[in-house]
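Here are the chains, one letter per residue:
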Amino acid sequence: MAKRVFLVVLDSFGVGSAPDAADFGDQGADTLRSIVQSSQFCCPNLAKLGLFNLDGVDLLSPDPAPVGSFARLRERSRGKDTTIGHWELAGVESPRPLPTYPNGFPRKLIEEFSQRTGRGVLCNKPYSGTQALRDYGEEHMRTGALIVYTSADSVFQVAAHEDVVPVDTLYEYCRMAREMLTGENAVGRVIARPFEGTCAADFRRTSRRHDFSLLPPGPTLLDRVSEAGMDVLTVGKIRDIFAGRGVTESFPTAGNAEGQQKLLELAKRDFHGLAFVNLVDFDMLYGHRRDIDGYARAASSFDCTLGQLLPLLGPEDLLMVTADHGCDPGFLRTTDHTREYVPLLIYGAKPGVNLGTVDGFGAAGATACAWLGLSPRLQGENLLPRITA
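If you're wondering where the values come from, they're calculated on a predicted model, not measured in any experiment.

## Section: the overall build of the chain
Part 1 of the argument: Scanning the chain for helices and strands turns up 13 helices and 14 strands.
Part 2 of the argument: For the chain, the spread of C-alpha atoms along the three principal axes comes to 65 × 45 × 35 Å.
Part 3 of the argument: Looking at the chain residue by residue over its 389 residues, the buried ones come to 60%.
Part 4 of the argument: For the chain, the proportion of contacts with a sequence separation of at least 24, taken over those separated by at least 6, is 68%.
Part 5 of the argument: Put simply, the chain shows about 14900 Å² of open surface, and 48% of that area lies on carbon and sulfur atoms.

Here you go:
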């Protein structure tokens, strides 16, 4: 039977402040602690895998006989964003953070973008995407000027109404921006944000978002697996995060529900290699919006999916559930990501092994490589010997 690895990223599911959280203004952040307090939180399957057995997690009673092995991962890269977090999970560390723009992008850069596209630019500030549509959408429709904004993350986002700027044209504008944003301005992602509606009261994003990412600066888990002739199946925004490199088949999704369904479908499918899944709603819909109950409901929904997934896994399958950073919905100092430890819950090898606190998210990628019989040659500790002995 072919070996399979399912690597599932609960986007922003942190489990407590990292030791260097104060360097990022995040001391005291704890995503898991915030959502456990919600009446909407019910995650018996995550608990059974060892979520409450992790080092430093003292929220609910640890499971006396967990079916998974478990570790708390500390990020080594100097960042707390989606791109760097996923790169490190896949075995590439980033010693320098990607650039961010708390005061908006430099005037010279915006002028060049405007000249290339032949359109004016509105906003150019860190902004909530939905608020940007309310504040600038009607002016965009009158003038055709593009809404450009950023966030606390390393992103250059371009919003345009689909009736004003066709989606393919918006994508071309974003490719222009991606070509420009290099060197000191090499942001992690350029994001096309098409929207629809008639006025500020009903503007809404469409499902045709597209991310144009930097190429990872070194070989990743995806490269290792695909170069060995195996499948690399990606769900959600994984393909975009890795700029398509190493991906053999991709399944974009509109949110967690679709991603969870695709995960179950892939578990029923014969393949040999890696299924790499991102569930974005934790971060995008609930973490940044500081919606504790919404985040807890999303965790409970995934837990139900997990209960359906485990019986589908065979003796040659390895499941790893982890995260790429934190985004504590109870942390009110900012609405940014939070610098936290993340869980690594492993099912399919020796159960009940407390792997302790592991330095580096790359343990996920290195362990996946080893399970598939490959020499990891990645940045990260291979945990397989500790869970198969």
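## Thoughts on the state of the cysteines
Between two cysteines, a covalent bond joining their sulfur atoms is known as a disulfide.
Part 1 of the argument: For the structure shown, the criterion picks out zero disulfides.
Part 2 of the argument: Counting only cysteine sulfurs, C43 is the nearest neighbor of C42, a cysteine outside any disulfide, at a range of 6.7 Å.
Part 3 of the argument: Here C42 falls in the exposed class, since its relative accessible area comes to 51%.
Part 4 of the argument: The thiol of C174 is unpaired, and the distance to the nearest cysteine sulfur, on C123, comes to 15 Å.
Part 5 of the argument: Its relative accessible area of 0% is what places C174 among the buried residues.

## Regarding the nonpolar core
Part 1 of the argument: Formed by 88 residues in total, the largest nonpolar core has its most connected members in L32, L221 and F302.
Part 2 of the argument: Broken down by element, the residue count for this core peaks at seven residues, all from helix 11 (residues 292–309).
Part 3 of the argument: The contact partners of L221, leaving out residues within four places of it in the chain, are L7, A90, L274, G365, A368, C369 and L378.
Part 4 of the argument: Membership of the second largest hydrophobic core comes to 24 residues, among which are F156, C174, M176 and F212.

## Digging into the packing of helix 9 (residues 256–267) against helix 11
Part 1 of the argument: In the contact formed by helix 9 and helix 11, the axes pass within 10 Å of each other and the chain directions differ by 10°. Compared by their axis directions, helix 9 and helix 11 come out roughly parallel. Side by side, helix 9 and helix 11 meet where N256, Q260, L263, L264 and A267 of the first sit next to A298, S301, F302, T305, Q308 and L309 of the second.

## What to know about unusual backbone geometry
Part 1 of the argument: We note that C123 has phi near 80°; this positive angle belongs to a residue other than glycine.
Part 2 of the argument: Among the secondary structure elements, C123 is positioned in strand 3 (residues 121–126).
Part 3 of the argument: With relative accessibility at 13%, the residue C123 sits in the buried group.
Part 4 of the argument: Residues other than glycine seldom take positive phi values, yet N124 does so here, at roughly 50°.
Part 5 of the argument: Mapped onto the elements of the fold, N124 is located in strand 3.
Part 6 of the argument: Accessibility expressed as a relative area gives 19% for N124, which makes it buried.

## Here we look at the environment of A177
Part 1 of the argument: Secondary-structure assignment places A177 in helix 6 (residues 167–180).
Part 2 of the argument: Sequence-wise, A177 and F113 are 64 residues apart; in three dimensions their C-alpha atoms are separated by 6.6 Å.

## With respect to helix 9
For an α-helix, 3.6 residues make a turn, and residues three or four places apart therefore share a direction.
Part 1 of the argument: Over its twelve residues, helix 9 extends 16 Å from the first C-alpha to the last, a length consistent with the 16 Å expected when each residue adds 1.5 Å.
Part 2 of the argument: The complete set of buried residues in helix 9 reads N256, G259, Q260, K262, L263, L264, L266 and A267.
Part 3 of the argument: Against the buried residues of helix 9 lie strand 1 (4–10), strand 9 (231–235), strand 10 (249–251), strand 11 (273–279), helix 10 (281–287) and helix 11.

## Points about the pattern of salt bridges
Part 1 of the argument: Going through the model one piece at a time under the given rule, you end up with 24 salt bridges.
Part 2 of the argument: Between D20 and R339 there is a salt bridge; the shortest N-O distance is 2.9 Å. With a gap of 319 residues between them, D20 in the loop between strand 1 and helix 1 (31–36) and R339 in the loop between strand 12 (317–322) and strand 13 (342–347) connect regions that are remote in the sequence. Of the two residues examined, D20 and R339, each falls in the buried class.

## Notes on the side chain of S300
Part 1 of the argument: In this structure, S300 sits in helix 11.
Part 2 of the argument: Taking relative accessible area as the criterion, S300 reaches 11% and is therefore assigned buried.

## Comments concerning the packing of aromatic side chains
Part 1 of the argument: Enumeration according to the criterion identifies twelve aromatic pairs in this entry.
Part 2 of the argument: A network of ring pairs unites the aromatic residues Y101, F105, F113 and F156 as a single cluster.
Part 3 of the argument: Sitting above the plane of the W371 ring, K3 keeps its charged end 4.8 Å from the centroid.
Part 4 of the argument: When the ring centre of Y341 is taken as origin, the NZ or CZ atom of R72, which lies over that ring, is 3.7 Å away.

## Details of the pairing of strand 11
Part 1 of the argument: Among the seven residues in strand 11, seven count as buried, and that is most of the element.
Part 2 of the argument: Inspection of the sheet shows strand 1 paired to strand 11 by seven bridges, in the parallel sense. Each residue of the ladder has a partner; that of V8, found in strand 11, is V277.

Calculation rules
Residues numbered from 1 in each chain as written. Predicted model: local features only at pLDDT ≥ 70, side-chain atom pairs only at ≥ 80, totals over all residues. Heavy atoms only, no water. Helix = DSSP H or I, 4+ residues; strand = E, 2+ residues; numbered from the N terminus. Buried < 20%, exposed > 50% of the residue type's maximum accessible area, 1.4 Å probe, protein only. Contact = heavy atoms within 4.5 Å. Areas by Shrake-Rupley, 256 points an atom, 1.4 Å probe, with all protein chains shown as cover. Disulfide = S-S within 2.5 Å. Core = buried A, V, L, I, M, F, W, Y, C linked by side-chain atoms within 4.5 Å. Axes fitted to C-alpha atoms, helices over the stretch in contact; angles between N-to-C directions. Parallel < 35°, antiparallel > 145°, perpendicular 65-115°, else oblique. Expected span 1.5 Å × (residues − 1). Salt bridge = Lys/Arg side-chain N within 4 Å of Asp/Glu carboxyl O. Phe/Tyr/Trp six-rings, centres within 6.5 Å; stacked < 30°, edge-to-face > 60°. Lys NZ or Arg CZ within 6 Å of the ring centre and 35° of its normal. Pairing = 2+ DSSP bridges.

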